[in-house]
Every structure is written in structure tokens, then in C-alpha cells.
Amino acid sequence: VEPGVTRKALNKHLRGTGLWFPVDPGADASLCGMAATGASGTNAVRYGTMRPNVLNLRVVLPDGRLLHTAGPGRQPRKRAAGYDLTSLFVGSEGTLGFLTQATLRLHPVPEATAATVASFPSVGAAVACTVQVLQAAVPVARIEFLDEVMADACGRFSRMGLPAAATLLLELHGSRHSLAEQQQQTEEIVRQNGGSGLAWAEGLEEREQLWSMRHNAWYAALALRPGCQVRHEDGDDGSRAHGAVSATALPSPSQGYSTDVCVPISRLPNVVVETKQDLQASRITGPMVGHVGDGNFHCILVFNSQDPEEAQRIHAFTQRLGRRALAAGGTCTGEHGVGLGKRALLQEELGQEGLDTLRSIKAALDPHNLMNPGKVL
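The rules behind the values
Residues numbered from 1 in each chain as written. Predicted model: local features only at pLDDT ≥ 70, side-chain atom pairs only at ≥ 80, totals over all residues. Heavy atoms only, no water. Core = buried A, V, L, I, M, F, W, Y, C linked by side-chain atoms within 4.5 Å. Buried < 20%, exposed > 50% of the residue type's maximum accessible area, 1.4 Å probe, protein only. Helix = DSSP H or I, 4+ residues; strand = E, 2+ residues; numbered from the N terminus. Domains from an automatic or database assignment. Contact = heavy atoms within 4.5 Å. Expected span 1.5 Å × (residues − 1). Arc of directions from axis to C-beta. Pairing = 2+ DSSP bridges. Salt bridge = Lys/Arg side-chain N within 4 Å of Asp/Glu carboxyl O. Axes fitted to C-alpha atoms, helices over the stretch in contact; angles between N-to-C directions. UniProt positions renumbered as here; feature names shortened; annotations may be inferred. 1 Å grid on protein atoms, 1.4 Å probe; cavity = no way out; pocket = protein on both sides within 12 Å on 5 of 7 lines; lining within 4 Å. Points joined across faces, edges and corners; volume = space filled by probe spheres on them. Nonpolar A, V, L, I, M, F, W, Y, C, P; charged D, E, K, R; others polar. Parallel < 35°, antiparallel > 145°, perpendicular 65-115°, else oblique. Left-handed = near helix turned anticlockwise from the far one by under 90°. Buried area = accessible area lost by both parts, 1.4 Å probe. Polar contact = N/O pair within 3.5 Å; in protein donor to acceptor, adjacent residues only side chain to side chain.

1. Let's talk about the nonpolar core
Part 1 of the argument: One finds Phe120, Phe145, Leu168, Val272, Phe297, Cys299 and Leu301 to be the most contacted residues of the largest nonpolar core, which totals 40 residues.
Part 2 of the argument: Sorting elements by how many residues they give to this core places helix H6 (residues 123–135) first, with six residues.
Part 3 of the argument: Each of two domains, domain 2 (112–224) and domain 3 (229–233 + 253–358), supplies a minimum of three residues to this core.
Part 4 of the argument: Not counting residues within four places of it along the chain, the set of residues in contact with leucine 301 comprises Gln255, Gly256, Tyr257, Thr259, Leu279, Ile284, Thr285, Gly286, Ile314, Phe317 and Thr318.
Part 5 of the argument: Cys32, Ala39, Leu61 and Leu99 belong to the second largest nonpolar core, which has 23 residues in total.

2. A few points about helix H9 (residues 204–215)
For an α-helix the count is 3.6 residues per turn, leaving residues at separations of three or four pointing the same way.
Part 1 of the argument: Here H9 is twelve residues long and its end C-alpha atoms lie 16 Å apart, about the 16 Å a rise of 1.5 Å per residue gives.
Part 2 of the argument: Of the positions making up H9, those classed as buried are Arg207, Leu210, Trp211, Met213 and Arg214. Buried residues of H9, viewed axially, fall in a sector of 150°; they line one side. Residues Leu204, Glu205 and Glu208 are exposed on H9 and point more than 90 degrees away from its buried face.
Part 3 of the argument: For H9, the secondary structure elements touched by its buried residues are strand S6 (112–120), strand S7 (140–146), helix H7 (148–157), strand S8 (166–174), helix H10 (217–222) and strand S11 (288–291).

3. Considering the pairing of S6
Part 1 of the argument: With nine of nine residues buried, S6 lies mostly within the body of the structure.
Part 2 of the argument: Of the two faces of S6, both are covered, the one formed by Ala112, Ala114, Thr116, Ala118 and Phe120 as well as the one formed by Thr113, Ala115, Val117 and Ser119.
Part 3 of the argument: Bridging between S6 and S8 involves nine bridges; their strand directions are antiparallel. In the strand pairing of S8, threonine 116 is matched with leucine 170.

4. Thoughts on the pattern of salt bridges
Two side chains of opposite charge can pair, provided their charged atoms sit close to one another.
Part 1 of the argument: Taken as a whole and assessed by the stated rule, the structure comprises 18 salt bridges.
Part 2 of the argument: Close ionic contact of arginine 65 with aspartate 63 constitutes a salt bridge, the shortest N to O distance being 2.8 Å.
Part 3 of the argument: The exposed category is assigned to arginine 65, whose relative accessible area is 51%.
Part 4 of the argument: Taken together, the shared-partner salt bridges connect Arg7, Asp24, Arg142 and Glu171 into one network.

5. With respect to the sheet that holds strand S3 (residues 66–68)
Part 1 of the argument: Spatial ordering of the open sheet is given by S3-S2-S4, a layout of three strands whose pairing is antiparallel. What marks the edges here is a single partner per strand, and that holds for S3 and strand S4 (98–104). The sheet shows a mean angle of 15° between the axes of neighbouring strands, direction not considered.

6. Describing the UniProt feature "domain: FAD-binding PCMH-type" (unreviewed entry) in the chain
Part 1 of the argument: Mapped onto this numbering, the UniProt entry annotates "domain: FAD-binding PCMH-type" (unreviewed entry) at residues 1–109.
Part 2 of the argument: In this annotation, residues 1–109 is assigned 26% helix and 19% strand; the end-to-end C-alpha distance for the span is 19 Å.

7. Remarks on the environment of alanine 327
Part 1 of the argument: Structurally, the position occupied by alanine 327 is in helix H12 (residues 308–327).
Part 2 of the argument: With relative accessibility at 64%, the residue alanine 327 sits in the exposed group.
Part 3 of the argument: Each C-alpha atom, one on alanine 327 and one on glycine 194, is 29 Å from the other, the two residues being 133 residues apart in sequence.

8. Brief notes about the layout of surface pockets
Empty space left among the atoms is revealed by rolling a probe the size of a water molecule over them.
Part 1 of the argument: For the largest pocket, the calculated volume is near 1,000 Å³.
Part 2 of the argument: What lines the largest pocket is a set of 35 residues, and nearest its centre among them are Arg7, Asn11, Trp20, Leu204 and Glu208.
Part 3 of the argument: Where the lining of the largest pocket is concerned, the elements lending two or more residues are helix H1 (7–14), strand S1 (19–20), S8 and H9.
Part 4 of the argument: With six residues, the single largest contributor to the lining of the largest pocket is H9.
Part 5 of the argument: Here the lining of the largest pocket is built from residues that sort into twelve nonpolar, 13 polar and ten charged.

9. Some words on the packing of helix H11 (residues 268–281) against H12
Part 1 of the argument: Close contact between H11 and H12 brings their axes to 11 Å; oriented N to C, the two are set at 165°. Taken together, H11 and H12 sit at an angle that is classed as roughly antiparallel. The element H11 and its partner H12 pack so that their crossing is right-handed. Between H11 and H12, the residues in contact are Val271, Glu274, Thr275, Asp278 and Leu279 and Phe317, Arg320, Leu321 and Arg324, respectively.
Part 2 of the argument: Along the lines of polarity and charge, the residues of the contact of H11 with H12 split into four nonpolar, one polar and four charged.

10. A word on the environment of valine 261
Part 1 of the argument: Mapped onto the elements of the fold, valine 261 is located in strand S10 (residues 254–262).
Part 2 of the argument: The class of valine 261 is buried, set by a relative accessible area of 0%.
Part 3 of the argument: For the pair valine 261 and glutamate 335, spaced 74 residues apart in sequence, the C-alpha separation works out to 8.0 Å.
Part 4 of the argument: Look past the residues within four positions of valine 261 in its chain and what remains in contact with it is Gly295, Asn296, Phe297, Leu321, Gly322, Ala325, Thr331, Cys332, Gly334 and Lys342.

11. Observations concerning the domain arrangement of the chain
Part 1 of the argument: Its domain assignment divides the chain into domain 1 (7–108), domain 2 (112–224) and domain 3 (229–233 + 253–358).
Part 2 of the argument: Domain 1 and domain 2 are separated by 28 Å when their C-alpha centres are compared.
Part 3 of the argument: Taken residue by residue, the interface counts eight residues in domain 1 and eleven residues in domain 2.
Part 4 of the argument: Counting the surface lost from both domain 1 and domain 2, the interface buries some 770 Å², and carbon and sulfur atoms represent 51% of this.
Part 5 of the argument: Its largest share of buried area at the contact with domain 2, domain 1 owes to Thr42, Val45 and Arg46, together 65% of the area lost on that side.
Part 6 of the argument: Here arginine 142 makes a salt bridge to aspartate 24, at a shortest N to O gap of 3.0 Å.
Part 7 of the argument: Taken together, the connections running from domain 1 to domain 2 amount to seven residue pairs in polar contact (both at pLDDT 80 or more).

Structure representation (C-alpha cells):
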């Protein structure tokens, strides 16, 4: 695929072939843009992020040379020849070159699919259920978490009437025979953790309605304080892989700020509960949502951009969140990238030697610092 081709356009083109491209960041983002930002999304727990799903990239380097990261025309499922240049450029955030073509790994369309919503008595119970589903080796395709604030906001925004309770959205893929067994396993684990409200949707329209609600979580969060302006943690205004929009024409000074971390699954319940307590203690409107199947969750922080005290509380919270993830053996960013906002945390995560190595690579490929200067490093 070449720049400008979006994931929905690709999957429309593939219709009828029995294949699809599953990386789904929510928005109908361009695939080369998704590679540049290392996009992830709701299907990552089963199908992985962009990194394992990109087999080759055609890159224009800062000096104008053309690079094929796995060699011209090559698309093996695995390789051990030299450094992994493809992975180097996936997630490089535009700092090393222009991505002008991506060769992608496709997957078989599942024979059968079922999705459901489950409500839980607490955030801890919902995340503990996630861990147990994964430990039971249920081959789940999606496990998405909403805290009670986000569930209520999504339910009202999408007119689906979700309870204001910690919530999991789950989707299973498989053969018709295996799907029934997976559903039974999942139901048992949900009940063991106090979950309720299970009703499986197998029809395409019902499932699309459910995931449309989840993909609109960003807008639902902004609606908690109408008139929000958008700002991502990397310092960019407007859209990235998650389809943010700017509402600067509205008179309100409110702003939405999206941040994320990713931690080992075994540490996820503690980190999520501690983050929830931190949000409440900090008096921050910050609904939580996440791809908890791979240990990744987001806080969408909505605040008054003209209130210095509130803005400072937001900044302090995001730094604590990043360091909480690092202390748990995780990363300061699972999919939003480093950009401008997490450069200090990147040094804490990699150490000086790691950061110096990244700078050496940047200097070798872009000695005049032409590509996205100031970002990441």
C-alpha cells in the first residue's frame, strides 16, 4: 500500500478474498501513517500491533536515497538477515525518513465472531477478569476496558444505555464449534469476578454498533466538558491514529489531553487501580479506556486550559502515570508515541546508553536534523 491508503479502503479492497488487515486504531487512518506512529488498537491482543504486521517499507531517507527495509520486493514471514530495519522505521514518528510504501501481513477472516459487554462492581474486578481470561488461554480477539466514568459517557454519547460501572467489551474469533467453547469459558470467568449483563452479539450490525461506541470514546469523553479543544501528549493538535478532532471554533477554553501507558499483564490490576485513585485524589476529569488485553490503557484528561493550577495538576498526573508504568516494568507509551511530551520519560525508560544509541542512529541517517526536528529525542 502507498501513502493515503486507509485501513478501511484496504479491507474494502480485500472483501471476498477471505483475508483482512486487523490492526484497528479506531479512526480510518492511513496505513503508512499507522506504521510511522506504531499504531495499535482493539485487535492487538490477538493480531499484534503494526510492528509485527509490517513486512517491508519503502523509505525516502533525508538525503534522498530510496531504502527498502527488507530488500526490494521481499516479503518473507520471517527473516534473520542483518539488523531489523523495518522495525526501526515502524514507530519512528517521522524522524528518520518518509514512508512511501508498506508491505503488510494479512490474516484470514474468522469463520465466526461474537462480542459482548460485561459490567463489574469495581475497576479492580474488571481488570482481574481480563488477566484471568488471558491466563486461561482463551484466544480472545479484543478485550477493551472502560471505567465507570467512560462507560457512562459512552452510553450517553452513543445512546446505548450502558450502566455507569466498570465495563469490559469482549470479542471472540474462531470456528463455530470453538466459539461456543470460548463463550462458555469467558462467561464462567466473568461471573467469578462479579460480572453481569452478558449477552452475545453475533450479527455484524450489532457488533459494529458496539465497536462504534468504543471507537467514539474520545468524543464521548470530550462531551463531558462541551467545547473541548484537542491536544495529544506528543504535542500535536488534531488527528493522529485515533481520529481526534479540534473544536477550536467553540467558545469554551476546555481541552482534552490523551495519554497512555502499557505494563505487563500481571501488574495491570494494581496499576489501573492506583491510577484510578490518583485521578480521584487529583480532582481530574479523566475517564479511563484501554486495550487491556495487551496491558495498554489510556486516560483522556479533560480540563480548563486557561486555569494554570488545573493544567499543572494534569501535567503532574501524566508524569506520575508514566513513572508508575516504568516502576511496574512497563513503558511510558504503548501506542501514542513519545513526540514532545514524553522525552524525559523516554530517557528514564531507556537509560542514557539507550538514548545515546537512538541519537547515534538519528545522526547517521539525518545529520542535518531535517526530519521532524525536536520530536522524540
